[in-house]
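One letter stands for each residue in the lines below.
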Amino acid sequence: MTAKVTVKDLHKAYGDNEVLKGINLEVQENEVVVMIGPSGSGKSTFLRTLNKLEDPTSGEILINGYNLVDKKTDINKVRENVGMVFQHFNLFPHLSVLENVILAPVELGKMSKEDAKALGMQLLTQVGLAEKADAKPTQLSGGQKQRVAIARALAMKPSIMLFDEPTSALDPEMVGDVLQVMRDLAEDGMTMIVVTHEMGFAKQVADRVVFFADGYIREQGTPEEVFNNPQDPRAQDFLNKVLNV
Amino acid sequence: MHSKTWMKYFMLTIALMVGIITTGTDIAHASKEPHYVITTDTTYPPFELQDKNGKYVGIDIDILKEIAKREHFTYKLVPISFNSGAQAVLSGQFDAIMAGMAITPARKEVYDFGTPYYKTGVIAAISKNSNIKSLDDLRGKTVALKTGTGAAAYALSIQKQYGFKVTYFNDSNTMYNDVALGNTVATFEDEPVMKYAIQNGVKLKILTKPANSGYYGFGVKKGHNQALIKKFNAGFASIKEDGTYDKIVAKYIGAKESNFAGSAKVNNSIWGLLKQNKSQFLAGIGQTLMLTILGIILATIFGVAIGILAIIPNKFSHGFASTIIYIFRGLPLLVLAFFIYIGIPSLTGHKLSALFSGLITLMLNEGAYIAAFVAGGLKAVDNGQMEAARSLGLSYGKAMLKVVMPQGIKLMVPSFVNQFIITLKDTSILSAIGIIELTQTGTVIISRNSQGFRVWFLVALMYLIMITLLTFLAKWADKKFGGN
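Residues numbered from 1 in each chain as written. Chains lettered and ligands numbered in written order. Predicted model: local features only at pLDDT ≥ 70, side-chain atom pairs only at ≥ 80, totals over all residues. Heavy atoms only, no water.

Novice: Any chance you could break down the overall build of chain B for me, citing the residues and the numbers?
Specialist: Regarding its fold elements, chain B presents 21 helices and 12 strands. Counting only residues that meet the buried cut, chain B has 54% of its 484 residues in that class. A separation of at least 24 residues holds for 76% of the contacts in chain B among residues at least 6 apart in sequence. Accessible surface, chain B as shown: approximately 22200 Å² in total, 64% of it carbon and sulfur. (Helix = DSSP H or I, 4+ residues; strand = E, 2+ residues; numbered from the N terminus. Buried < 20%, exposed > 50% of the residue type's maximum accessible area, 1.4 Å probe, protein only. Contact = heavy atoms within 4.5 Å. Areas by Shrake-Rupley, 256 points an atom, 1.4 Å probe, with all protein chains shown as cover.)

Novice: Before we move on, can you summarise the overall build of chain A with the specific residues and values?
Specialist: Across its full length, chain A holds 9 helices and 10 strands. Here the C-alpha radius of gyration of chain A, 18 Å, is about what a compact globule of 245 residues would show, namely 18 Å. Taking the principal axes of the C-alpha coordinates as reference, chain A spans close to 55 × 45 × 35 Å. Burial status across chain A gives 56% buried among its 245 residues. For chain A, contacts bridging at least 24 residues in sequence account for 66% of all contacts bridging at least 6. Here chain A displays about 10600 Å² of accessible surface, and carbon together with sulfur accounts for 45% of that area. (Rg over C-alpha atoms; globule rule 2.2 N^0.38 Å.)

Novice: Which residues make up the interface of chain A and chain B, and what are the values?
Specialist: Contacts between chain A and chain B engage 22 residues on the former and 18 residues on the latter. For the pairing of chain A and chain B, the buried interface totals around 1700 Å² over both sides, and the portion due to carbon and sulfur atoms is 58%. Among the residues chain A hides against chain B, the three largest losses belong to Phe92(A), His94(A) and Glu107(A). Together they make up 31% of the total. Here Arg48(A) makes a salt bridge to Glu387(B), at a shortest N to O gap of 2.6 Å. Our count for the contact surface shared by chain A and chain B stands at 8 residue pairs in polar contact (both at pLDDT 80 or more). Looking at the side of chain A that touches chain B, the elements that each hand over two or more residues are helix H2 (75–80), strand E6 (82–85), helix H3 (97–107) and helix H5 (142–154) of chain A. Class assignment of the residues belonging to the side of chain A that touches chain B gives a composition of 13 nonpolar, 4 polar and 5 charged. (Buried area = accessible area lost by both parts, 1.4 Å probe. Salt bridge = Lys/Arg side-chain N within 4 Å of Asp/Glu carboxyl O. Polar contact = N/O pair within 3.5 Å; in protein donor to acceptor, adjacent residues only side chain to side chain. Nonpolar A, V, L, I, M, F, W, Y, C, P; charged D, E, K, R; others polar.)

Novice: Report on a nonpolar patch on the surface, specifying residues and quantitative values.
Specialist: A surface patch of nonpolar side chains, about 730 Å² in accessible area, is lined by Ile270(B), Phe453(B), Phe457(B), Leu461(B), Ile465(B), Leu469(B) and Phe472(B). The leading source of residues in the nonpolar patch is helix H21 (residues 452–482) of chain B, at 6 residues. (Patch = residues over 30% accessible without salt bridge, like charges linked within 9 Å, V, L, I, M, F, W, Y side chains within 5 Å.)

Novice: Describe the side chain of Thr49(A), and please don't skip the residues or the numbers.
Specialist: With respect to the element layout, Thr49(A) can be found in helix H1 (residues 43–49). Setting aside residues up to four positions removed in sequence, Thr49(A) forms contacts with Leu10(A), Leu20(A), Glu54(A), Ile61(A) and Leu68(A).

Novice: Quick one: what's the story with the packing of helix H17 (residues 354–380) of chain B against helix H19 (residues 396–426) of chain B, residue by residue and with numbers?
Specialist: Residues and elements named next belong to chain B. One can describe the packing of H17 onto H19 by two numbers: an axis separation of 8 Å at closest approach and a directional angle of 145°. Between H17 and H19 lies a crossing whose hand is right-handed. Here Leu362, Asn365, Glu366, Tyr369, Ile370, Phe373, Val374, Gly377, Leu378 and Ala380 of H17 come into contact with H19, specifically with Met400, Val404, Met405, Gly408, Leu411, Met412, Ser415, Phe416, Gln419, Ile422, Thr423 and Asp426. Class assignment for the residues of the contact of H17 with H19 results in 14 nonpolar, 6 polar and 2 charged. (Axes fitted to C-alpha atoms, helices over the stretch in contact; angles between N-to-C directions. Left-handed = near helix turned anticlockwise from the far one by under 90°.)

Novice: Describe in detail the pattern of salt bridges, supporting the description with residues and values.
Specialist: Where side chains of opposite charge bring their charged atoms close, a pairing between them can arise. Residues and elements named next belong to chain A. As enumerated under the stated definition, the model contains 18 salt bridges over all chains in all. The salt bridge partner of Asp55 is Lys52, with a shortest N-O separation of 3.9 Å. On the basis of relative accessible area, Asp55 is assigned to the partly exposed category, the value being 46%. The class of Lys52 is partly exposed, set by a relative accessible area of 23%. For Asp237, the salt bridge goes to Lys241, with nearest N and O atoms at 3.4 Å. Taken together, the positions of Asp237 and Lys241, both in helix H9 (residues 233–243) and 4 residues apart, correspond to about one turn of that helix.

Novice: Provide a residue-level description of the UniProt feature "transmembrane region" (unreviewed entry) in chain B, including the pertinent values.
Specialist: As annotated by UniProt and renumbered to match this structure, "transmembrane region" (unreviewed entry) occupies residues 289–312, 324–344, 356–378 and 455–474 of chain B. What you have in residues 289–312 of chain B is 96% helix and 0% strand, and the ends, taken at the C-alpha atoms, are 34 Å apart. (UniProt positions renumbered as here; feature names shortened; annotations may be inferred.)

Novice: Explain helix H7 (residues 172–180) of chain B to me, and be specific about the residues and the numbers.
Specialist: The periodicity of an α-helix, 3.6 residues per turn, causes residues three or four places apart in sequence to face the same way. Those residues of H7(B) lying buried are Ser172(B), Asn173(B), Met175(B), Tyr176(B), Asp178(B) and Val179(B). Phi turns positive, to about 90°, at Gly182(B), one or two residues after H7(B).

Novice: Lay out unusual backbone geometry with the relevant residues and their values.
Specialist: A cis amide bond links Pro45(B) with the next residue in sequence, Pro46(B), at an omega value of 5°. One non-glycine residue, Asp214(A), lies in the positive phi region at around 55°. Along the chain, the position of Asp214(A) falls in the loop between strand E9 (208–213) and strand E10 (216–221).

Next up, the structure:
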């Protein structure tokens, strides 16, 4: 197996406030890594450094062999290979659903408009929203929006997908559809890094669960190891609270 | 699809700009005869006035025409307010001025004059029903003067002695009306001009005997255009000798205004005024619309560019854009227009046409306002949109163009409509640099027929109609491009 993502001693500070205090992580091809932890623990910030939406203060990040900390690295090239799904969807409201999906591949000259449309329809079918191709994002429910956002990220044919709390802004009955799409992706062998509070998803789908607290990775292992037998006291406390409600 | 239409508009604008610049500079001329650009006043009857077809006539105009014919030179006549014209000759915008300009020692310092061509004196005039008996009665009262004239200089020279206050006007007719209405108690004016005005219905009477007698002269910037002065002098000697000069003067001095302006009956009905001045009004409206539309296009291009520079995350570009917005939003439009039209040619030695200067003025001033709300509108678009677009691999520029701008522009549509209406109104300020747009058209028509109220009423109505049409157009555009 090859490492798709390698992070070494990553620090990130906003002024005096250090939110990442030395993170080390490797993610292998086809691996699904789920990151859990209390709010403010740095897991979302960490995820955003992986496609340089946040600039690290120090440390090393290699994505598909590209060094993100090196200023000479063409970040747009790296991002083409790293799909990102946001908590608040961030669909483009002035474009139709299909136009949202095909914008990047067409604008970046990856394929002709016709080919992009065919791919877009295929992806919308995959997330169960082919009939909404011509709708505007405002006409969709939250769950539908998030599934379109996933299709949009997949249109660039990325080899890594990042999910930043993809179900946190959804009504409970919408969560299942989005998680199902993610589960299918994992089964197809996509390399995924997911920040979530959905412990059920973590248990079922994750190859590895990573527990963040106070800007550190406190614990990591298979779902069984982390959920059934956590070693770190912060992890024990957190899991006790979220699993035994 | 969208980018193609944008491209079309852009190319069209460039083509228009090139057209304006090349027609505006007016230096090259096809014929072998020397060609000059000569300025005159917009309103100074009987020396210069427009006839009912909108053509300039008058003593100055006819003398110039005759001399040019005899001395074999061609010229382009540019009527512009006297004070601006006089300055523009010194800045090199014009080769000469023929505008009833009195030869004074101060002016001789900076101008070279041809043979004095008309003897004149300054008189004081008061309202017909005024009870002022002599200059002594002016003490403590306010007197109306026309900016930059010899008569004004004379008035100032006796101001201490008689103890009056002064206020200034740029155009004779407005000044006469001010005195006739009693806002100011008196005015000082060159005798022939005042006599002509009174003869043609201005409700003033002459208070004093001509004083400070002097001559009018044809002026060029000191040390420049000496060949033109020579031609003028030779031509003037020739028309003086064969009696042509006397015929020209006789034609205008003592002439009834109706010879030039049409009958009083026509002037007294609004419909008659409209019909009689149709071609002039249409030309004025055309010029105003042209300035507005081209001004808006240029200001939008400039404003959007500066607005984007203001928000891209780069300290230098942000500072640059903020400075541009600060300067051009801070300068009054009139000051900016004079600075570009008169100031820049003094610095560079290159003439700029009034139209070109006016368009640049609109571009910078209105563009600065547009830049401010473009930056605001783009900032108002949720940052998540930029992040999502960048995450897909789009460059900053593409993300801005395809994702952020289309959303920001929708937020800006109401501000754009507002700015378009302001631009239309602001074009009237450009009359000051001699562009004969609608406001200036009104001024010159009134200078001929003295129908201030009726003409301004018509002009106001025309502006309202244009603004209404523009608002409808903007609402249509809002529906088409702004709605969802």
